[in-house]
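Per-entry structural report
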Amino acid sequence: MSDSVGSLIQSCLFITSLSLPFLLFLLPSTPILLLHLFSFFLLRVCVRITGKMAFGKGRGNKRTSTSSYASTITMIIFVALCVIGVWMLSSNSVIPPQITQGSTRTVVSETERSDLSASSNSNDEPEPTKQESDEQPAFEDNPGKLPDDAVKSEDEQRKSAKEKSSKARGEEGGGRQTQKQENQQKDEKLPEEREKDNGKENKMVQENDEGQVKQVVKEFEKEQKEQRDEDAGTQSKGTQEQEQGQGKEMQDVEQGKKQGHDMEQGTKQGQEQDSNADVTFTDATKQEQPMETGQSETSGNSKNEENGQQQQEEQNSGQNSGNEENGQQNEEKNTVSEENGKEEKSMKDENGQQEEHNTAEDESGNKEEQSASKDDHLEQQEEQKDAKIQEGSEASGFGSGIPKESAESQKSWKSQATESKDEKQRQTSESNTVESTMDGNAWVICNVTAGTDYIPCLDNEAAIMKLRSRRHFEHRERHCPEDPPTCLVPLPEGYKESIKWPESRDKIWYHNVPHTKLAEVKGHQNWVKVTGEFLTFPGGGTQFIHGALHYIDFVQQSLKNIAWGKRTRVILDVGCGVASFGGFLFERDVIAMSLAPKDEHEAQVQFALERKIPAISAVMGSKRLPFPSRVFDLIHCARCRVPWHNEGGMLLLELNRMLRPGGYFVWSATPVYQKLEEDVQIWKEMSALTKSLCWELVTINKDKLNGVGAAIYQKPATNECYEKRKHNKPPMCKTNDDANAAWYVPLQACMHKVPTNAVERGSKWPVNWPRRLQTPPYWLNSSQMGIYGKPAPRDFTTDYEHWKHVVSKVYMNEIGISWSNVRNVMDMRAVYGGFAAALKDLQVWVMNVVNINSPDTLPIIYERGLFGIYHDWCESFSTYPRSYDLLHADHLFSKLRKRCNLVPVMAEVDRIVRPGGKLIVRDESNVIREVENMLKSLHWDVHLTFSKHQEGILSAQKGFWRPDTSQ
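- Per an unreviewed UniProt entry, the protein is named Methyltransferase PMT27, and its organism is Capsella rubella.
- Under the Subcellular location (unreviewed entry) heading, UniProt states for the protein: "Endomembrane system".
- Listed under Sequence similarities (unreviewed entry) in UniProt, the entry text for the protein is "Belongs to the methyltransferase superfamily."

With respect to the overall build of the protein
- In terms of helices and strands, the protein carries 33 helices and 18 strands.
- Out of the 967 residues in the protein, the part that is buried amounts to 53%.
- Counting only contacts in the protein whose residues sit at least 6 apart along the sequence, the fraction spanning at least 24 positions is 74%.
- Accessible area of the protein: about 45200 Å², with a carbon and sulfur share of 51%.

Points about the sheet that holds strand β6 (residues 591-596)
- Spatially, the seven strands line up as an open sheet ordered β7-β6-β5-β8-β9-β11-β10, and their pairing is mixed. Two strands lie at the open edges of the sheet, namely β7 (615-617) and β10 (696-703), each paired on one side alone. The mean inter-strand angle of the sheet, taken between neighbouring strand axes irrespective of direction, is 20°.
- Note: strand β9 (residues 659-668) against strand β11 (residues 708-714), four bridges, orientation antiparallel. In the strand pairing of β11, W667 is matched with A711.
- Helix-sheet contacts for helix α20 (residues 548-558) involve β8 (632-638), β9, β10 and β11, and the interaxial angle to β10 is about 135°.

Remarks on empty space enclosed by the protein
- As enumerated under the stated definition, the model contains 14 cavities of 30 Å³ or more in all.
- Looking at the largest cavity, it is lined by 20 residues, and the ones nearest its centre are R478, A618, R624, P626 and S878.
- Counting residues per element, the ones that place at least two in the lining of the largest cavity are β7 and β14 (868-871).
- If you tally residues by element for the lining of the largest cavity, the top one is β14, at three residues.
- Among the residues forming the lining of the largest cavity, the class breakdown is 12 nonpolar, three polar and five charged.
- For the lining of the largest cavity, the two domains that each supply at least three residues are domain 1 (515-528 + 537-724) and domain 2 (771-958).

Structural notes on the environment of Y744
- Structurally, Y744 can be placed in the loop between α26 (720-724) and α27 (771-774).
- On the basis of relative accessible area, Y744 is assigned to the buried category, the value being 9%.
- Considered as a pair, Y744 and L625 are 119 residues apart in the sequence and their alpha carbons are 8.3 Å apart.
- In this structure the side chain of Y744 is engaged in a polar contact, spanning 3.3 Å, whose partner is the side chain of R478.
- Of note is the side chain of Y744, whose polar atom sits 2.8 Å from the side chain of E875.

Considering α20
- For α20, the set of buried residues is A548, Y551, I552, F554, V555, Q556 and S558.
- Elements that come into contact with the buried residues of α20 comprise α21 (580-585), β8, β9, β10 and β11.

Topic: the layout of surface pockets
- The space that makes up the second largest pocket amounts to roughly 840 Å³.
- If you go around the second largest pocket, you meet 47 residues; those closest to its centre are G575, R639, C640, R641 and V642.
- Per-class residue counts for the lining of the second largest pocket are 26 nonpolar, 13 polar and eight charged.

Comments concerning unusual backbone geometry
- Between W501 and P502 the backbone carries a cis peptide bond, its omega angle lying at 5°.
- Residue position: P502 is located in the loop between α18 (461-465) and β2 (507-509).
- Of the consecutive residues W769 and P770, the connecting peptide bond is found in the cis state with omega at 10°.
- Take P770: it is sitting in the loop between α26 and α27.
- Not every positive phi belongs to a glycine, and D589 is a case in point at roughly 60°.
- Considering the arrangement of structural elements, one finds D589 in the loop between α21 and β6.
- One non-glycine residue, H891, lies in positive phi territory at about 55°.
- Judged by its relative accessible area of 18%, H891 falls in the buried class.

So, the packing of aromatic side chains
- Applying the stated criterion to the full structure yields 23 aromatic pairs.
- With a centroid separation of 5.9 Å and 65° between ring planes, the pair formed by F537 and F607 is classed as edge-to-face. Placement of the pair is F537 in the loop between β4 (534-536) and α20 and F607 in helix α22 (residues 604-610), with a sequence separation of 70 residues. Across this residue pair, the class does not change: F537 and F607 are buried.
- An angle of 70° between the planes, with centres 4.8 Å apart, marks the rings of W743 and Y744 as edge-to-face. Like W743, the residue Y744 is buried in the burial classification.
- By the ring-pair criterion, three or more aromatic residues cluster together here, those being F544, Y551, F554 and F581.
- Over the ring of Y778 we find K764, and its NZ or CZ is 5.5 Å from the ring centre.

Let's talk about the nonpolar core
- Within the largest apolar cluster, 131 residues are counted, with the highest numbers of intra-cluster contacts made by F627, W644, F665, Y811 and F893.
- For this core, the element with the most residues is helix α32 (residues 902-912), which contributes seven residues.
- For this core, the domains that each give at least three residues are domain 1 (515-528 + 537-724) and domain 2 (771-958).
- When near neighbours in sequence (up to four residues on either side) are disregarded, W644 contacts V574, M620, C637, G649, L651, L652, L655, F665, W667, M686 and L689.

Some details on the pattern of salt bridges
- Counted according to the given criterion, the structure contains 26 salt bridges.
- Between R962 and D910 there is a salt bridge whose closest N-O contact spans 2.8 Å. In this pair, R962 is assigned in the segment after β18 (951-957) and D910 in helix α32, connecting sequence segments 52 residues apart. As far as burial versus exposure is concerned, R962 and D910 are alike and both buried.
- For E932, the salt bridge goes to K936, with nearest N and O atoms at 3.0 Å. You can see E932 and its partner K936 sitting in helix α33 (residues 925-937), four residues apart, about one turn around the helix.

Some remarks on the sheet that holds strand β3 (residues 529-531)
- On the basis of which strands lie adjacent, the open sheet formed by three strands has the order β2-β4-β3 and antiparallel pairing. This sheet does not close on itself; its edge strands, each paired only once, are β2 and β3. Strand-to-strand, the axes of this sheet are offset by a mean angle of 30°, without reference to chain direction.
- Two elements, β2 and β4, share three bridges in a ladder whose sense is antiparallel.

Side note on the pairing of strand β16 (residues 913-924)
- Of all 12 residues in β16, 11 are buried; the element is thus mostly enclosed.
- Inspection of the sheet shows strand β15 (residues 884-890) paired to β16 by six bridges, in the parallel sense. Residue pairing in the sheet places H888 in a bridge with I920 of β16.
- As defined by bridge partners, β16 adjoins β18 across seven bridges and the pair is classed as antiparallel. Paired with D923 across the two strands is G952, which belongs to β18.

Quick word on the state of the cysteines
- Per the counting criterion, the structure on display carries six disulfides.
- Here C457 is linked by a disulfide to C480, with a sulfur-sulfur distance of 1.9 Å. Here the disulfide of C457 and C480 is right-handed, its torsion about the S-S bond being about 110°. Separated by 23 residues along the polypeptide, C457 in the loop between α17 (416-419) and α18 and C480 in the loop between α18 and β2 bring together distant segments of the chain.
- A disulfide bridge connects C733 with C750, and the sulfur atoms are separated by 1.9 Å. Residues C733 and C750 are joined through a disulfide that is right-handed, its torsion about the S-S bond being 90°. Residue C733 is located in the loop between α26 and α27, and its partner C750 is located in the loop between α26 and α27; the two are separated by 17 residues in the primary sequence. Each member of the pair C733 and C750 is classed as buried.
- Disulfide connectivity for the protein, with bonded cysteines indexed by sequence position, reads 1-4, 2-3, 5-6, 7-8, 9-10, 11-12.

The rules behind these values
- Counting restarts for each chain: residues are numbered from 1 in the order of the written sequence.
- In keeping with the model being predicted, local features are shown solely for residues with a pLDDT of at least 70 and side-chain atom pairs are shown and tallied solely at 80 or more, while totals for entire chains, interfaces and linings include all residues.
- Hydrogens and waters are ignored; side-chain quantities use all the structure's heavy atoms.
- UniProt positions are given in the numbering used here, feature names are shortened, and annotations may be inferred rather than shown by experiment.
- Think of it this way: any DSSP run of H or I at least four residues long counts as a helix, any run of E at least two long counts as a strand, and we number them from the N terminus.
- Think of it in three bands: with a 1.4 Å probe and only protein chains considered, a residue is buried below 20% of the maximum accessible area for its type, exposed above 50%, and partly exposed in between.
- Here, residues are in contact when the closest pair of their heavy atoms is within 4.5 Å.
- What sets the accessible areas is the Shrake-Rupley method with a 1.4 Å probe; for residues, cover comes only from the shown protein chains.
- Strands qualify as paired when DSSP identifies two bridges or more between them.
- Where helices are involved, their axes are fitted lines through C-alpha atoms of the stretch in contact, as for all axes, and angles between N-to-C directions lie from 0 to 180°.
- Lining residues are those with an atom within 4 Å of a point, where the points come from a 1 Å grid over the protein atoms alone and group into cavities, where a 1.4 Å probe fits but cannot get out, or pockets, open sets with protein on both sides within 12 Å along at least five of seven lines.
- Grid points are joined across faces, edges and corners, and a volume is the space filled by probe spheres set on the points.
- The nonpolar class holds Ala, Val, Leu, Ile, Met, Phe, Trp, Tyr, Cys and Pro. Asp, Glu, Lys and Arg form the charged class, and all remaining residues, Gly among them, are polar.
- For every domain, the bounds stem from an assignment made automatically or drawn from a database.
- Pairs of N or O atoms are called polar contacts if they sit within 3.5 Å, as long as, within protein, a hydrogen donor faces a hydrogen acceptor (for residues adjacent in sequence, only side-chain-to-side-chain pairs).
- Centre distance within 6.5 Å is the pairing criterion for rings of Phe, Tyr and Trp, where only the six-membered ring of Trp is used; planes under 30 degrees apart are then read as stacked, over 60 as edge-to-face, and the remainder as tilted.
- Criterion for a charge above a ring: Arg CZ or Lys NZ at most 6 Å from the ring centre, at most 35 degrees from the ring normal.
- The criterion is simple. A nonpolar core is a set of buried Ala, Val, Leu, Ile, Met, Phe, Trp, Tyr and Cys residues joined through side-chain atoms within 4.5 Å.
- The term salt bridge refers to a pairing of a side-chain nitrogen on Lys or Arg with a carboxyl oxygen on Asp or Glu at a separation within 4 Å.
- The term disulfide is used for any two cysteine sulfur atoms that are within 2.5 Å.

Written as structure tokens, this is what we have:
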């Protein structure tokens, strides 16, 4: 019996010894401690069973004790063998060296560049299958985060490696081909990445400029994308999506047939598209540096970032990775400079990688078709999402893109050219072809009597000599040359950069406006004085010797309802002198259009502009002023020397046309408070005239400090008075007389009726400032199509939000403009005044110019508390040279070139802008290039040019250069 028990014990021990290695082999990831416990437990069970069997049958048998001792010795030997076996199995566990913690750092360091290159390639070519991502190396250089395998146990790593091996064996040939392709891409990218590493020393030098370029590019591309979406929005969304889906399916079917031919032409097409993605960024204080890939880390980073942005857009839209169009877009993004010879090599490498990828796709067969089908579905979902986002952005306004003007909107809006029936035809028949490049020697100095103060349309001596009469100040009106000048106005000797606002309100450099006659004539009235190298302005005037600010408060106290900066926001100051009245009105949140002729009061408007105060050179003569009807909240005349009472009050009737119904006319002149015979006679005639105009004399008040008085009249807000007049003198204008026609339109001695329809402009007073800035005018109704094809109120809001976005994201920081040096601004092609409105919080004022051939939106600009003027840029502007700090031209030149030559226009831009002043142009790409060439020939510093999708932006700064030769 004892023999059988011993045999049983030996059998259990033998089975256990065999089971332990098998368990270790089959369960390699099971902890060793658990296997030891399991073995010990199995041995104890066997011993207990055999012990019970032995002692239960023969307790007194001594042979049983001997057998028990043998079993114990056998068990000890077995345990020792088990320990030795476990140790041998553990020591023979082969762990791949590349996944041990000890070697992790070394492997990552040695393969860093390869991993980065592979990561870049993975962006270029999206992963075709999920399994492909599993075949990535166990460790990739993920900055700031260790790979997951680095913290796994050795058994877990071995198990994971076996699982990946089994998946790799289960994949089709396409997976192996993809892995092979990635390895080859690493080998191809490695030299390029090493070359980039050699240029890291240049990174800090170009980092700031490069960052600005990338930001401008990003914002501009975003705006262009939204613009294209907006243009496409005029079509039915359902039809558009269906056509896109059908086109995509046909493209995928024919893709295999076209890839071979398309790839042969890929490089050529990419170079052609590159002309639409040309970026140039320079600094005014540095030499212009072209961004060459392979020469600096900064350029490489810019290229990779732009490429990454493009690839992200393509992946989000679900485009097929083998699509040839995708490759062209990649080439377009990667191409930053056409002059870079190494870029051509990079493009060839990409084409080769694309061809290998196409081969892998052909081998994968059905897998690619399923991926393409999935991509189509994702693309449709993304398009729907983009449509919703676009609608949301339009509602919120932020980042909304502005499309081109709608052709349909032209039918709903009149232009100033069509409104002005008697407009003089001054457009030239010159060729629209603009010289692409001008030699610097082609520019010459203007040889004119006016010299440094030359205004072509006001200093046309030949035309003035031919005038038959000067009785109505015809010689002070505009007489533009038939051939617009292309010469340049010289700088005054000793000219300096103008003084900043608000110091400029009190003093300017004498040599910038070297005229002393006005100081001699009006110095005692505190207009202007000569103080060393400065001309100083005490802030006085003929009617406010003790300061304009006191006089402004005097007017407010005379009539509380004027409410400066709330009810009264936009005013016209006729006969402004040096514009001290308008200059101090800024402190009351009021803007004044100061107006005076270029007459014997030498350079009075030029003084105003140099002081950074709004003003234009114009005269109340024989033609209407270039402003709409019913737009000014208040009109002011302080000893303005205008004979209001003459010729039936024709000039006062012109004020009546421009004054808003319910607006005020403030007349501060000697007939109001003096009793001289001439003054008494003028007062009688003026009283009769204002009564016939139905103007109410609200108050007459006297300023004791200055010893002057002011009469305040109010224009009627209804037609009741007109209908009750006994004498129809002055007569009412004919119904077909357009009160808004103001471009070269002769004055007429008649009055226009006040609008009575609740939805007609002028029937109500605008909301108070500043709320009126962002509130669509009440007379814009949704049934009217706006300039950009939307309902007019929505068009207005979208335009405002668009310019707020552009100004805050691009203009403020990214185009090299120091806004602390900017005060006088002109929007050369204003629509709704959105650009000016976006600058509200800056210490600037904006002259909004509405072109005569554009929709007449100038009344909208005035309604929102801004001001502007009608003009034709084929002619010279009525301002002195060196008047503005910044000009903004949004799609102006592309429209002008259809009617006139751009060379005289650029000469006019150079005349208006001060040395150190800036120009921002947004237009078609070909126009941007032409403007850039002409600016460079004028020796302007072109800070930024960027073109994409046939649209571009340019930023430039004028210098002090003048040509050596004259006419």
